[in-house]
Amino acid sequence: MIEQTLSIIKPDGAQRNLIGKIVSRFEEAGLRIAAMKKKQLSKQEAEGFYAVHKARPFYGELVQMMTGGPVVIIVLEGENAIARNRELMGATDPAKADKGTIRKDFAKSIGENTVHGSDSKENAATEINYFFSATELS
Ligand code: ADP
Ligand code: MG
């Protein structure tokens, strides 16, 4: 099934000049870039995006990290894009991520873990609509 999913290259990835390398991994895996933009998130935008994690102890730290520099927000499209992107990313904690995944190869810590990826069809739709308008999606 052709799906769309939201990826974010987090500030630690953008700051370390990893944008091209990460985008290449998506393209080499057969995912298409349907939309992409680099953006400095405001505190309010980051809080809203991660609202589902509001009750978690790391919420404040997460919002601070996500606003620490520009991010690259990407809509990926392709066969089973949601699950495929999660496979390419690897586990949340880079120490537990499989070999060859983005987080294993690049992430600094469980917090600064280089990429975000939607985890379900419903969340993918919500997250894409949070950052992109219909006319920006092709
Ligand atoms: P994922 O990004 O793999 O879907 P979660 O949705 O559980 O993981 O968490 C969202 C983000 O919150 C993580 O990617 C990471 O940046 C941060 N995070 C998760 N767990 C922790 C933790 N224990 N300490 C600090 N930051 C965390
Ligand atoms: Mg998540």
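Everything here concerns the structure above.
Just so it is clear, the model here is predicted, and its values are computed rather than measured.

Draft legend 1. Representation of the site of ligand 1 within the structure. Taken together, 13 residues lie near ligand 1, and Lys10, Arg86, Thr92, Gly111 and Asn113 sit nearest. For ligand 1, whose accessible area on its own is 530 Å², the fraction buried by protein is 81%. Among the elements that take part in the shell around ligand 1, helix α4 (residues 59-66) stands out by supplying three residues, more than any other. By residue class, the composition of the shell around ligand 1 is four nonpolar, four polar and five charged.

Draft legend 2. The sheet that holds strand β2 (residues 32-39), seen in detail. A sheet is described by the order of its strands in space; here four strands give the open sequence β2-β3-β1-β4, paired in antiparallel fashion. In this open sheet, the two edge strands, each paired with only one partner strand, are β2 and β4 (115-117). For this sheet the average axis-to-axis angle between neighbouring strands, irrespective of direction, equals 20°. Pairing of β2 with strand β3 (residues 71-79) involves seven bridges; the strand directions are antiparallel.

Draft legend 3. How the structure looks around the nonpolar core. Among the nonpolar cores identified, the biggest contains 19 residues, and Leu6, Ile8, Met66, Ile73 and Phe131 are the most heavily contacted of them. When residues of this core are traced back to their parent elements, those giving at least two are β1 (2-9), β2, α3 (43-49), α4, β3 and α7 (121-131). Broken down by element, the residue count for this core peaks at five residues, all from α4. Within the second largest apolar cluster, 15 residues are counted, among which are Ile9, Val23, Val72 and Leu88.

Draft legend 4. Structural view of the packing of aromatic side chains. Across all of its chains, the model carries four aromatic pairs by this definition. Ring geometry for phenylalanine 49 against tyrosine 130: centres 6.0 Å apart, planes inclined by 50°, an arrangement best described as tilted. Placement of the pair is phenylalanine 49 in helix α3 and tyrosine 130 in helix α7, with a sequence separation of 81 residues. Note on phenylalanine 49: relative accessible area 9%, which makes it buried. Look at tyrosine 130 and phenylalanine 131: their rings are 4.9 Å apart centre to centre, the planes differ by 85°, and that puts the pair in the edge-to-face class. A relative accessible area of 8% means that phenylalanine 131 is categorised as buried. Connected via pairs of aromatic rings, a cluster forms that spans Phe49, Tyr50, Tyr130 and Phe131. The ring of phenylalanine 132 has lysine 37 sitting right over it, with the charged end atom 4.4 Å from the ring centre.

Draft legend 5. Region of the structure containing the pattern of salt bridges. Tallied over the entire structure, the rule returns nine salt bridges. For lysine 37, the salt bridge identified is with glutamate 136, shortest N-O distance 3.5 Å. One end of the pair, lysine 37, is in strand β2; the other, glutamate 136, is in the segment after α7, with 99 residues separating them in the sequence. A relative accessible area of 23% places lysine 37 in the partly exposed class. The shortest N-O distance in the salt bridge between lysine 108 and glutamate 112 comes to 3.9 Å. With a relative accessible area of 29%, glutamate 112 lands in the partly exposed category.

Rules used throughout
- Residues numbered from 1 in each chain as written.
- Chains lettered and ligands numbered in written order.
- Predicted model: local features only at pLDDT ≥ 70, side-chain atom pairs only at ≥ 80, totals over all residues.
- Heavy atoms only, no water.
- Near = heavy atom within 4 Å.
- Areas by Shrake-Rupley, 256 points an atom, 1.4 Å probe, with all protein chains shown as cover.
- Helix = DSSP H or I, 4+ residues; strand = E, 2+ residues; numbered from the N terminus.
- Nonpolar A, V, L, I, M, F, W, Y, C, P; charged D, E, K, R; others polar.
- Pairing = 2+ DSSP bridges.
- Axes fitted to C-alpha atoms, helices over the stretch in contact; angles between N-to-C directions.
- Core = buried A, V, L, I, M, F, W, Y, C linked by side-chain atoms within 4.5 Å.
- Buried < 20%, exposed > 50% of the residue type's maximum accessible area, 1.4 Å probe, protein only.
- Phe/Tyr/Trp six-rings, centres within 6.5 Å; stacked < 30°, edge-to-face > 60°.
- Lys NZ or Arg CZ within 6 Å of the ring centre and 35° of its normal.
- Salt bridge = Lys/Arg side-chain N within 4 Å of Asp/Glu carboxyl O.

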